[in-house]
Structure formats: structure tokens, C-alpha cells
Amino acid sequence: MHSNLQERAKNIIGIEGGSLGGFPFHGNADDLEASKAPESAYIIKAFKNAQNENSEERTERFKENIGILKELLPQVRAKQTKTSTYKERLQEWEGYVVSINHEEQTFRALLCDITKDKDFPDEEADFSFEQVADLDKPLFSEGAVFWWTIAYRHKTSGKAMESELVFRRMPKWTKGNHDRAKERANFLMSTLVWE
Amino acid sequence: MYQKPNPKQLEVSTFGPGRGESIVVHLGDDKWLIVDSCRDRKTKKPAALNYLKSLGVNIKKDVLLIITTHWHDDHILGLSDCVRECEGARFCCSAAYQKEDFIEMIQGYSADRIVKGGTGASEMSQVFDVLAERGDAAVGGQADKLLLNQTIGGNDCKVWALSPSDEQMLDFYAAIAEIKLKIGSNRQRAPSNSPNHSCVVILIEAGEQSILLGADHEETTSDGTGWTAILDSPVRSKTKSSIYKIAHHGSENAHVDRVWEEMLVEYPNAVLTPFSSSSLPRDEMVGKILKKTDKAYSTALVRDVKTNVKRGNAVERQMKAFTENNVRAESNTGHVRMRNMANNDANKWETELFSGACHLDKL
């Protein structure tokens, strides 16, 4: 693979803490290289989501990144015949950090089950600081949102169960967001009547 | 299962699923208040509306007032549904929420609905949207403000806000400035700020009865704030309440002996909603409360309720290994109901427990 292109792809898809066109990406370059169909599904899904977002800037950035990644795909697919691995998601939660106990090196999180076709009640659990990946530590704080996934990792040699916490690379608060919030606030200030 | 109260009866019903709080008060003559909102664990609908509908209350016209004591998730989920459906109710929140900074802050944290499950910020934002759409006024609750003054069922009924004080509102504005989203910062759920500077403590006087709803109000060390500010108010009604919704889930910071001595009758009926995320109330506080009154109840028993959701064996093994086997479910939405005639003796409140609510000594 062209080394410059590979570096650019790695920067785009999360090794350095970036994101796919401004949209959080659920993996890294090694996953992308090694995976079977999902990388194209990711790209398609993320692009559709980006199109639905009210951010022209994000969509334009994404289109540029798509171009780079499409160049990678034929090379990725060529590799797939040699090493095919993919994830079979069994259970997924979206959680957020409710409180942090520095003394015991644990944090408490509220968990919403987001597994496809399931609608279980919310749950709560304590996690150890050790469950937070080094790359995610800058994102770790009260209120931070993460995904907890339990999945089978399928390899040509067999399958293994894995459990992973990934903190969401949430979109940054832009000037556009700020201006829209201020505009809405101004409207409410002028409309709401207080006794 | 449920029957309406007698028109001359007062009722205080407290709902709590282990993380959440909502109170419904019958003032007499089928007129009701709702204070705070939580979603029922099973139906996901506001517990207050579930209850009122089950009694056959005409929620469009017979809910007089909806009060949100503060905007934290556990006191507000489902509130916008309550405001939307109870069309005839006036809405009251902290006067501190009139500030542009606060309205802008909640717009920021509710933008794009980026997290599942709803947040306090998005609920508050939706409430403001409903009020703006309908052209309804909001009532700003603050220290010593009379929110309701009516004759209901032949009795004088007054609903007072006892907080926040002016000093607390200033502290609140400073806290909001700290947590407002800044351009370039990563989005996340709004952090909760403690102590809770903005919350509205409620005093209800109806007939001979008095009810104190402590919200999440905590004691502080600053002059003019906390419970001391309420206790020292020269304007505050000095009636002693026979029902106390214990402040801040029975936390130590909210336990003030002067409140029990000066604002409550001896051995009042007390109720709290636990807050599992912070393990409240702690054992030590349960002991302190039971020394004040043995008529103390919790809406839920939340000690280590292991999750009862059944998943595949392989998934459950991973869950146990990853979290040291401590994934916990929300409790059922428990319900503590207290009823008494408005002109009866203060010690004649009758308490009933539903759906897992229990005496405090079970915690």
C-alpha cells in the first residue's frame, strides 16, 4: 500500500484520535485492513449519516476522505483473501460516566442497551480505570459517552469473544452549533413570558 | 388497584425507580400538583401521568401546577410529556432558568439528540418549546414566592417556593458559565453540578396540613445559601410539616438537624427516593433518619439489585468478567402513598407501599 496514502488513512480513521469525516469511527486502520465487508458498510453508513447531518462542512470533508479510502479499498480487498477477520456483535450498550471514584480507580456508568432489535431497561455498572484504553483517556470524564460491545472476533483460525469499551469521539462544538443555540435561546427569551 | 382519594383528602404520592423521582399531590376536590418527573421503568412513560390516568383524573384540566425543582436527569425525564399533556397546568421552575446563559446552555447540550435515552437538558429544552408554542407563561420559583393560593375543597391551599435565594442564583450563574459548551470542545452529556444551586424547595399548606418537599437541596457553607438561608428567612411560613420528602436522596450534605427541629413536627412521615448511582442513602444516614422518625420510607430497595435481563450465556460470562459481576438493573418504580383528611390531626397520615417501596429500615 502507498505509504503516504496509508498514513493519511490512519489519520482519518482514528489512530491519532481523529474521526471519519468528523464522524466517530468504530475502529482503526488495522481493523480496516483486516476486515471483510464491514469497512465498506461503515463508509456507506457514515456517509449517509453525514449527509443527514446539517453540516455542509462535515459532508465536504467526508467526501474528500471517502476519495482517499476508496483508493485503499481495492488494496484492502486484495488482502482479505489472505487474512479475513470480522466482528459479530452480540451485545451493545451506549453508556455515560455518571461518577468517578479516583480512590478506587473505578467509574460508574449508566448503560442503555442499543443492541439491534432489543429494548431492555437501562442498567448500571462499575468499571475499572483499566478498561479505558490509553487512546481514550483524554476523553474520559464525567458525562463522557462510550460504547461497550461484546462480540465474537471471527478469524480464519477460529473465533474468540471480546469485550471492548470505546469512548465516543463526539463531534466538536462548532461556531455554527453555537450560533444556532444562541439564535434559539434568543427566540425563547423573546417569546417566553415569566410570572 | 388504585382508587381516587376522597375530595376532602390530601395525598402525597412519591415515585422512584432507584434513579429518579416524581411526586404527585392531591390538594382536594380532584385538583393535583406534579413535582418533578421520572419515567416508569416498565412503561417508559412518566410515572406521574401513569398514576393520574390510572385514577381517571382529567389531566388536561385538573392538574393545576407542574413544578420542576431542578433540571438534573433524575428529576426531569418525561417532564415535557407532562407539560404537553396537562394543558391546563401552570409550569414552574427555578427563577434562575430565566437567564439567557441557562437557556443557551441547555440548547447546546440538547442539540442533535446525540445520546440515547434523553437528558435533563433536552427535556428542559422541549418544555420551553411547548410553552413557547402554546404562548403559556412560566412561573419562576424563588425564595418565599407564593406559587399557588386558592381555596380548594373548602380549604385554603398555598404552595410556596422556599428557594433558591438570590445568592444561590448568583452561584448558579457562575456554575453555568463553567459548564457551557465552548467552541472547539467535545460534546458530551451535561455534567451535574453539586451542590445544586438552583433547586426549588416546596412548602404546601392545605387545611391543617403542611408538606415539605426538599428537592435536592443541600446545606452549604456560604451565607445566604443552602438550608440555613431557608431556615433564617424572616418571611417564611413557620408552620411545621407532618410530611417530609427527604432532601437529596438522604445524603449527608442535605441532612440538617435544624430542618427536623424547626420545619417538621416531631416524628413526621418521611419519604425518600434512593439514588443508586451514588449509593444514596448510605447506611449511616439511614440510621440518622430513623432516629428522627420511624415513619420513614423509601420508594425502592436498591442494594445491589443484579440485572435480571437474560442474555446468552457467552454474553453474560463476558459481562461478569468485564465488570466483576456488578451489572445492576433499575428497580421497579416504587410508590409511597400518604393520605390524610385536610382538617385531620397531623399524625393521622395513612401510608401505603406499592411496587417494591419499603420501610427505610429495609435498606
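About the criteria used
Residues numbered from 1 in each chain as written. Chains lettered and ligands numbered in written order. Predicted model: local features only at pLDDT ≥ 70, side-chain atom pairs only at ≥ 80, totals over all residues. Heavy atoms only, no water. Helix = DSSP H or I, 4+ residues; strand = E, 2+ residues; numbered from the N terminus. Buried < 20%, exposed > 50% of the residue type's maximum accessible area, 1.4 Å probe, protein only. Areas by Shrake-Rupley, 256 points an atom, 1.4 Å probe, with all protein chains shown as cover. Rg over C-alpha atoms; globule rule 2.2 N^0.38 Å. Contact = heavy atoms within 4.5 Å. Pairing = 2+ DSSP bridges. Core = buried A, V, L, I, M, F, W, Y, C linked by side-chain atoms within 4.5 Å. Phe/Tyr/Trp six-rings, centres within 6.5 Å; stacked < 30°, edge-to-face > 60°. Axes fitted to C-alpha atoms, helices over the stretch in contact; angles between N-to-C directions. Parallel < 35°, antiparallel > 145°, perpendicular 65-115°, else oblique. Left-handed = near helix turned anticlockwise from the far one by under 90°. Nonpolar A, V, L, I, M, F, W, Y, C, P; charged D, E, K, R; others polar. Buried area = accessible area lost by both parts, 1.4 Å probe. Salt bridge = Lys/Arg side-chain N within 4 Å of Asp/Glu carboxyl O. Polar contact = N/O pair within 3.5 Å; in protein donor to acceptor, adjacent residues only side chain to side chain.

Caption draft 1: Looking closely at the overall build of chain A. On a plain count of helices and strands, chain A comes out with five helices and six strands. The linear arrangement of helices and strands in chain A, starting from the amino end, is α-α-α-α-β-β-β-β-β-α-β. The buried share among the 195 residues of chain A stands at 45%. Accessible surface, chain A as shown: approximately 10,400 Å² in total, 49% of it carbon and sulfur.

Caption draft 2: Structural detail: the overall build of chain B. Scanning chain B for helices and strands turns up eleven helices and 17 strands. A compact globule built from 363 residues should have a C-alpha radius of gyration of about 21 Å, and chain B, at 20 Å, falls within 12% of that. Taken along the three principal axes of its C-alpha coordinates, chain B extends 60 × 45 × 45 Å. A burial count over chain B gives 61% of its 363 residues as buried. When contacts within chain B are restricted to residue pairs at least 6 apart in sequence, long-range pairs at least 24 apart make up 70% of them.

Caption draft 3: Structural context of the sheet that holds strand S5 (residues 158-167) of chain A. Taking strand neighbours across the sheet as the criterion, the six strands line up as S5(A)-S4(A)-S1(A)-S2(A)-S3(A)-S14(B) in an open arrangement whose pairing is antiparallel. Either end of the sheet is taken by a strand with one partner, and the two such strands are S5 of chain A together with strand S14 (328-329) of chain B.

Caption draft 4: Representation of the sheet that holds strand S6 (residues 137-141) of chain B in the model. With mixed pairing, the nine strands of this open sheet are ordered in space as S6(A)-S6(B)-S5(B)-S4(B)-S3(B)-S2(B)-S1(B)-S15(B)-S16(B). Edge positions in the sheet fall to strand S6 (193-194) of chain A together with strand S16 (350-354) of chain B, since each of these pairs with one other strand and no more. With four bridges connecting them, strand S5 (residues 90-94) of chain B and S6(B) associate as parallel partners. Residue B:Ser94 lies in a different strand from S6(B), and its bridge partner there is B:Gly141.

Caption draft 5: Highlighting the nonpolar core. Core analysis: the largest hydrophobic core is formed by 52 residues, its most contacted members being B:Ile66, B:Trp71, B:Phe91, B:Phe102, B:Met124 and B:Phe128. If you tally residues by element for this core, the top one is helix H6 (residues 120-134) of chain B, at seven residues. Once residues lying within four places of it in the same chain are set aside, the contact partners of B:Phe128 are A:Leu188, A:Leu192, A:Trp194, B:Tyr97, B:Phe102, B:Ile103 and B:Ile106. Ranked by size, the runner-up nonpolar core spans 32 residues in total, among them B:Cys92, B:Ala161, B:Ile204 and B:Ala357.

Caption draft 6: Inspection of the side chain of B:Glu104 at higher detail. Within the secondary structure layout, B:Glu104 lies in helix H5 (residues 100-110). Taking relative accessible area as the criterion, B:Glu104 reaches 6% and is therefore assigned buried. Each residue touching B:Glu104, except ones within four places of it in the same chain, is listed here: A:His178, A:Ala181, A:Lys182, A:Ala185 and B:Lys180.

Caption draft 7: Up close: the pairing of strand S4 (residues 63-67) of chain B. All names here are of chain B. S4 sits mainly inside the fold: five of its five residues count as buried. Note that strand S3 (residues 31-35) and S4 share four bridges and pair parallel. Its bridge partner being in S4, Trp32 is matched across the sheet by Val63. In this structure, S4 lies alongside S5, joined through three bridges in parallel fashion. Bridge pairing in S5 places Ile67 opposite Cys92.

Caption draft 8: A look at the packing of aromatic side chains. Under the definition given, this model contains 22 aromatic pairs over all chains. Ring geometry for A:Phe107 against A:Phe127: centres 5.4 Å apart, planes inclined by 20 degrees, an arrangement best described as stacked. One end of the pair, A:Phe107, is in strand S2 (residues 106-113); the other, A:Phe127, is in strand S3 (residues 123-128), and 20 residues separate them in sequence. A relative accessible area of 1% means that A:Phe107 is categorised as buried. Between B:Phe102 and B:Phe172, the ring centres sit 5.8 Å apart and the planes meet at 45 degrees, which makes this aromatic pair tilted. With B:Phe102 in helix H5 and B:Phe172 in helix H7 (residues 166-179), this residue pair connects regions lying 70 residues apart in the sequence. For the pair shown, B:Phe102 and B:Phe172 are each scored as buried.

Caption draft 9: Quick look at the packing of helix H5 (residues 175-191) of chain A against H5(B). Where H5(A) meets H5(B), the closest approach of the two axes is 8 Å, and the angle between their N-to-C directions is 130 degrees. On the basis of the axis angle, H5(A) is oblique to H5(B). Helix-helix and strand crossings are classified by hand; for H5(A) and H5(B) the assignment is right-handed. Note on element contacts: H5(B) touches H5(A) through B:Glu100, B:Ile103, B:Glu104, B:Gln107 and B:Gly108, opposite A:His178, A:Ala181, A:Lys182, A:Arg184, A:Ala185, A:Asn186, A:Leu188 and A:Met189. Considered class by class, the residues forming the contact of H5(A) with H5(B) number five nonpolar, four polar and four charged.

Caption draft 10: Looking closely at the interface of chain A and chain B. Counting from both sides, the interface comprises 57 residues of chain A and, opposite them, 58 residues of chain B. When chain A packs against chain B, close to 5,200 Å² is buried across both sides, 56% of that on carbon and sulfur atoms. Among the residues of chain A in contact with chain B, A:Trp173, A:Trp194 and A:Glu195 are the three that bury the most area, contributing 17% of the side total. Counting across the chain A and chain B interface gives six salt bridges. The shortest N-O distance in the salt bridge between A:Glu123 and B:Arg311 comes to 2.8 Å. Taken together, the links from chain A to chain B amount to 16 residue pairs in polar contact (both at pLDDT 80 or more). The set of elements that each furnish at least two residues to the side of chain A that touches chain B consists of strand S1 (86-101), S2, S3, strand S4 (145-155), S5, H5 and S6 of chain A. Sorting elements by how many residues they give to the side of chain A that touches chain B places H5(A) first, with twelve residues. For the side of chain A that touches chain B, a count of residues per class yields 30 nonpolar, eleven polar and 16 charged.

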